[in-house]
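An overview of the molecular structure
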Amino acid sequence: MMNPRVTLQDVAREANVSPATVDRVLNSRDGVRPRTREAVLATALRLGYVTDGTLPPTKRPQTRLINLVFLLPSGTNSFIKALFNQIETQAARRPELAVHVETLEGFNPQTVAARLAELPGEVDGVGLVAQDHPLVREAIRALTRNGIPVVTIASDIQNVARLAYIGIDNRQAGRLAGQLIGRLLGRGPAKVALFAGSLSYRGHEEREMGFRHILREEFPAVQIVELREILDDRSRAVVETASVLDSHADLAGIYNVGGGTVGIAQEISRRGLSGKVVLIGHEATEANKQLLLEGVIDAVIDQNPRVEAREALNILTAAVRAEAYIYVPPRLQLVLKENLPNE
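All of the points below concern the structure found in this document. One numbering rule holds for all chains: residues counted from 1, following each sequence as written. For this predicted model, a pLDDT threshold of at least 70 governs which residues receive local features, and a threshold of 80 or more governs which side-chain atom pairs are given and counted, while totals over whole chains, interfaces and linings are taken from all residues. As a rule here, side-chain values cover all heavy atoms of the structure and leave hydrogens and water aside.

1. A short note on the environment of S78
The criterion, for reference: Helix and strand assignments follow DSSP, with helices taken as H or I runs no shorter than four residues and strands as E runs no shorter than two, numbered in order from the N terminus. Here a residue-residue contact requires only that any non-hydrogen atoms of the pair lie within 4.5 Å.
Within the secondary structure layout, S78 lies in helix α4 (residues 78-92). Expressed as a C-alpha distance, the spacing of S78 and S155, which sit 77 residues apart in the sequence, is 16 Å. Beyond its immediate sequence surroundings of up to four residues, S78 is in contact with R234 and T285.

Here's what the structure looks like:
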């Protein structure tokens, strides 16, 4: 039964389109994209502005799967693997979604941009973890011009019409790491090293920025003597850690803003420096939790891939359906061996 209290303007507002678009859809006029047409019809039915019986079969919204694609960087980063698994696991419980998750060479913007360029004909929404690079930005702009919503995950990409950034405040995370390492080392002179996957990832750059700022503001005696990029690779992390420790026998601490912490910990442990060199990393992966228990890692800053996967799926689904959704950001959590999470 139609609801006489619902107006065309109500349908337009709920569907996030203009009243003229609603009028074109309900009167079968041209000039409306198929996805928008389906969203308007579904909204009109949900609000009771029309009923299924009042629409001829050709105008009834078709029930179809929402096709989402997620592009994640390949490699040994345990957080990315956990995010991959969470997206697939949660998507499998949602019959309205057809979700494909794939990995690419994340440190190669040409590869990411080329894959994004292939997507417009096959997807309704895209989520990705990628470098903030001109090629990637232009590829995202092309998708959004085609009406395909895009969300960035874990590391943001600026100056593009992305639907949302899903992740922690990375600058705040870097400041937290700096606050912690400064407190653990005391107020006297000390040398520390910074490791990053790639500073082309905005998230890694922001963590470095926050770390440097808090040391300069509150712990000026703590000196950053090295900055090494390890591409989130454990083997490369071992080599770079050995090089830094060879160059600075009095190194007091290491902050790794990205993946590869297991490789750093491996070299620290091999040299008998566990508990002597403060090590701060990111993500409460199973490997990192074990290293926390062993005392090789002092703390990790976690961002919960389960929450990020859930929010990415929810936001993209709502956008495709032209429905409102309130984003629930992941919580920034400092994890020590005394408060290891269950998941």
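2. Some points on the packing of helix α5 (residues 109-117) against helix α6 (residues 134-145)
So the rule is basically this: Here an angle of 0 to 180 degrees is reported between the N-to-C directions of two axes, which are lines fitted to C-alpha atoms, with helices fitted over the stretch in contact. The scheme is simple: roughly parallel for angles under 35 degrees, roughly antiparallel for over 145, roughly perpendicular for 65 to 115, oblique for anything else.
Where α5 meets α6, the closest approach of the two axes is 8 Å, and the angle between their N-to-C directions is 10°. The angle between the axes of α5 and α6 places the two elements in the roughly parallel class. Listed contacts from α6 to P109, Q110, V112, A113 and L116 of α5 are L135, V136, A139, I140 and L143.

3. Description of the nonpolar core
Stated formally: Each nonpolar core is a collection of buried residues, namely Ala, Val, Leu, Ile, Met, Phe, Trp, Tyr and Cys, held together in the definition by side-chain atoms within 4.5 Å. Throughout this description, buried means an accessible area under 20% of the type-specific maximum (1.4 Å probe, protein chains only), exposed means over 50%, and partly exposed covers the range between.
Within the largest apolar cluster, 26 residues are counted, with the highest numbers of intra-cluster contacts made by L68, F70, L72, L83, V129, V151 and I153. Secondary-structure elements contributing two or more residues to this core are β1 (66-73), α4, β2 (97-104), β4 (150-153), β5 (164-166) and α12 (305-320). Listed in part, the 21 residues of the second largest apolar core include I168, I214, V222 and A252.

4. Notes on the environment of V136
With respect to the helices, strands and loops of the structure, V136 is situated in helix α6. On a C-alpha basis, the gap between V136 and V225 in space is 32 Å, while along the polypeptide they are 89 residues apart. Excluding residues within four positions of it along the chain, V136 makes contact with P109, V112, A113, L116, L128, A130, Q131 and I157.

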